[in-house]
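Structural features, examined
Okay, here's what each chain looks like letter by letter:
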Amino acid sequence: MGWLLPYAVIAAVVVADLAVGALSTAPFLVLAPLVASRLSTDRRQVLVALAAAMLLVDQDHRLLSGQRLLRLALIAVGTLIALVNWGVRQREQSALERSADTVKLAVSLVAGVEPEEAYELLARSARTLYAADAVAVYRRQGDRMVLVAQHRGQHVSPLPSRVASHTLPAAFSGRPFQASVRSPAAPETTMLEARGLGSVLWVPLIDADGHQTGTLALAWRRPDPRLSEQELETSQQFASLGARVISGSERARAQAEVLERVQALLLTTPPGWVSGWKVGVRYRSASGLAQIGGDFYDLVEAGAGKGLAFILADARGKGLEASSMASVLKGAFRTLAGEGVGPAHILSRLDRLVEREGGDEDFVTALVGRAYPSGKLVMASAGHPFPLGAGPRTSTVGAPLGLGTRASEAQSTLRAGQRLVCYTDGLIEARDALGRFVEPGTLDHALRGGSLGDALDELVEVVDRHSDGRRFDDLALLGLEYAPEPPPAR
């Protein structure tokens, strides 16, 4: 209705003038500023409409002097109302923009963003929130502040790329500090004058531990942005929220880099053929590198004529803690396998290791095997399912590592071309939209096709098709195929 009212009044005036047979511009003059305030977000349009209305009044010679004064008074009142309406609309729009940007910043704190995105979001949000002409985000490096993001008007020069503590000490203060070109003694005066700016507000970025990790510089063209005490306090709260978003994103990136290195150690690719066995591995993370779990595999050649030892395990949990436990277990497995220890004995030793090094609720499921050049296969399990394919079918599964496992061994002998695939939960616990698991027959069919590598790829594809690409658990596969003769060299 706010948009329709001016036009409804104009329509009524037009009908009235037509009814009396004479159409005059005078009735429209009062409405001109009001219409301008509705059609434009620029206050100058209201003033232009005011000038046009006054000019038309002066040019209408049919009006008497008293009528002219009355018209001008009405135009002035209409302009005043238009300016008030324009101001209210601008404040409402600004409040909405501020709320939207602050909500985006808060959502980013929960969802997590890349550091560069966090820097840009903080700069953009701060400029909107405080109607600043330029905003810069700095990260602290000792006694210097280094620019990481800025957001500024089209005709505003960039803020300094580096700030030193001895030249601009206010940037290193733990409290908001405002400087203006009206204070010639202020160190910021030269910086502001060179960029055509009138004032700057330094707002420290304080992390959750109370350390200053950087600063936020808000600059205006006018010397006095007229910030109230409440706005200054709000700026500190806003900056604290931004600092937490930045710290969280940088911490997540650092953790991802550590996990990437850990993953490279846990998921090394073994040779394609070892001691009479073709070998293949596949790994798919359920939720990205930052949430890598404790799934891992490893394979060690036991020595001339002694075949190879292998392990596939799944440590409870996600992230660095689970990966660290997996790294410890992998190192211990390599040592024990090199000593020629059998699968059941390896699991017993690893069980004591998890019990000693892990927490009260930590446990690991693991499958350990020894494959000989003759095709003989010996395996033992600690809470882990036996493999698909031609491996041992019956054996007692011991408790997971860390819970007092007592694993027993089972064995079988494979013929040339027979294969088996060890797997983690991501294979058999994949669900479709109705919550159904993959049919065992589908997995067996995928295992039989093509080469060992083709079979592993098909198993991954089966899971992806069944779950429509959604993964709720990590998927690790270790495949072995008995091949007494080494493949021809390429």
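Residues numbered from 1 in each chain as written. Predicted model: local features only at pLDDT ≥ 70, side-chain atom pairs only at ≥ 80, totals over all residues. Heavy atoms only, no water.

1. Regarding the overall build of the protein chain
Along its length, the protein chain carries twelve helices and 16 strands. Among the 490 residues that make up the protein chain, the fraction classed as buried is 45%. When the accessible surface of the protein chain is split by element, carbon and sulfur atoms take 55% of a total near 24700 Å². (Helix = DSSP H or I, 4+ residues; strand = E, 2+ residues; numbered from the N terminus. Buried < 20%, exposed > 50% of the residue type's maximum accessible area, 1.4 Å probe, protein only. Areas by Shrake-Rupley, 256 points an atom, 1.4 Å probe, with all protein chains shown as cover.)

2. Focus on the sheet that holds strand β16 (residues 475-482)
Taking strand neighbours across the sheet as the criterion, the five strands line up as β7-β8-β16-β15-β13 in an open arrangement whose pairing is antiparallel. In the strand order of this sheet, the two ends are held by β7 (273-274) and β13 (388-389), each with one partner. Together, β8 (277-284), β15 (419-423) and β16 form the strand contacts of helix α12 (residues 452-467), whose direction differs from that of β8 by roughly 25 degrees. (Pairing = 2+ DSSP bridges. Contact = heavy atoms within 4.5 Å. Axes fitted to C-alpha atoms, helices over the stretch in contact; angles between N-to-C directions.)

3. Topic: the sheet that holds strand β1 (residues 134-141)
Reading across from one edge, β3-β2-β1-β6-β5-β4 is the order of the six strands in this open sheet, with antiparallel pairing throughout. With partners counted over all chains shown, the strands left at the sheet margins are β3 (162-164) and β4 (177-180), one partner each. Averaged over all pairs of adjacent strands, the angle between their axes in this sheet comes to 25 degrees, without regard to strand direction. For strand β2 (residues 144-152) and β3, the ladder comprises three bridges, and the chain directions are antiparallel. In the strand pairing of β3, Met-145 is matched with Val-163. The sheet strands contacting helix α5 (residues 115-130) are β1, β2, β5 (199-206) and β6 (212-220), and the helix crosses β2 at an angle near 60 degrees.

4. Description of the nonpolar core
Among the nonpolar cores identified, the biggest contains 52 residues, and Phe-310 and Leu-350 are the most heavily contacted of them. One finds Ala-118, Ala-149, Leu-218 and Ala-243 within the second-largest nonpolar core, a separate group that totals 23 residues. (Core = buried A, V, L, I, M, F, W, Y, C linked by side-chain atoms within 4.5 Å.)

5. Section: the environment of Met-191
Position of Met-191 relative to the elements: it lies in helix α6 (residues 188-194). The exposure class of Met-191 is buried, given its relative accessible area of 10%. Taking C-alpha positions, Met-191 is 8.2 Å from Leu-159, a pair spaced 32 residues apart along the chain. With residues up to four places along the chain from it excluded, the contact list for Met-191 reads Pro-160, Leu-168, Val-200 and Trp-202.

6. As for the environment of Ala-416
With respect to the element layout, Ala-416 can be found in the loop between β14 (409-413) and β15. Residues Ala-416 and Gly-276, spaced 140 residues apart in sequence, show a C-alpha to C-alpha distance of 9.4 Å. If near-sequence neighbours (up to four positions away) are discounted, Ala-416 is found in contact with Tyr-482 and Pro-484.

7. What about the packing of aromatic side chains?
The tally for this structure, following the rule as stated, stands at two aromatic pairs. Aromatic pair Tyr-138 and Trp-202: ring centres 6.5 Å apart, planes at 55 degrees, arrangement tilted. Of this pair, Tyr-138 sits in strand β1 while Trp-202 is found in strand β5, placing the two residues 64 residues apart along the sequence. Here Lys-376 stacks its cationic end above the ring of Tyr-372, 5.5 Å away from the centre of that ring. (Phe/Tyr/Trp six-rings, centres within 6.5 Å; stacked < 30°, edge-to-face > 60°. Lys NZ or Arg CZ within 6 Å of the ring centre and 35° of its normal.)

8. Some details on the pairing of strand β11 (residues 364-371)
Counting buried residues along β11, eight of its eight residues qualify, which places the element largely inside the surrounding structure. The alternating pattern of β11 places Val-364, Ala-366, Val-368 and Arg-370 and Thr-365, Leu-367, Gly-369 and Ala-371 on opposite faces, both of which are buried. Relative to strand β12 (residues 376-382), β11 runs antiparallel, the two sharing five bridges. Each residue of the ladder has a partner; that of Gly-369, found in β12, is Met-379. Here β11 hands over to β12 after four residues, with Gly-375 in that stretch at a positive phi of 100 degrees.

9. Examining α5
Helix length check: α5, at 16 residues, gives a terminal C-alpha distance of 23 Å against a target of 22 Å (1.5 Å per residue), a fit within 8%. Of the positions making up α5, those classed as buried are Pro-115, Ala-118, Tyr-119, Leu-121, Leu-122, Ala-123, Ser-125, Ala-126, Leu-129 and Tyr-130. Phi for Ala-131, located one or two positions after α5, is positive at around 50 degrees. (Expected span 1.5 Å × (residues − 1).)

10. Some words on the pattern of salt bridges
Going through the model one piece at a time under the given rule, you end up with six salt bridges. For Asp-457, the salt bridge is made with Arg-282, and the minimal N-O distance between the two is 2.7 Å. Here Arg-282 lies in strand β8 and Asp-457 lies in helix α12, a separation of 175 residues in the sequence. Connected via shared salt-bridge partners are Lys-278, Arg-419 and Glu-481. (Salt bridge = Lys/Arg side-chain N within 4 Å of Asp/Glu carboxyl O.)

11. Concerning the pairing of β8
As paired strands, β7 and β8 are joined by two bridges and run antiparallel to one another. For Trp-273, the partnering residue across the bridge sits in β8 and is Lys-278. Hairpin connection between β7 and β8: a loop of two residues separates the two successive antiparallel strands, and Ser-275 in this loop has a positive phi of roughly 50 degrees. Direction of pairing for β8 relative to β16: antiparallel, over a ladder of eight bridges. Paired with Trp-277 across the bridge in β16 is Tyr-482.

12. A look at unusual backbone geometry
Backbone geometry places Ser-275, a non-glycine residue, at a positive phi of 50 degrees. Locating Ser-275 in the fold gives a position in the loop between β7 and β8. A residue is classified by how much of its surface remains accessible, and Ser-275, at 13% relative accessible area, is buried.

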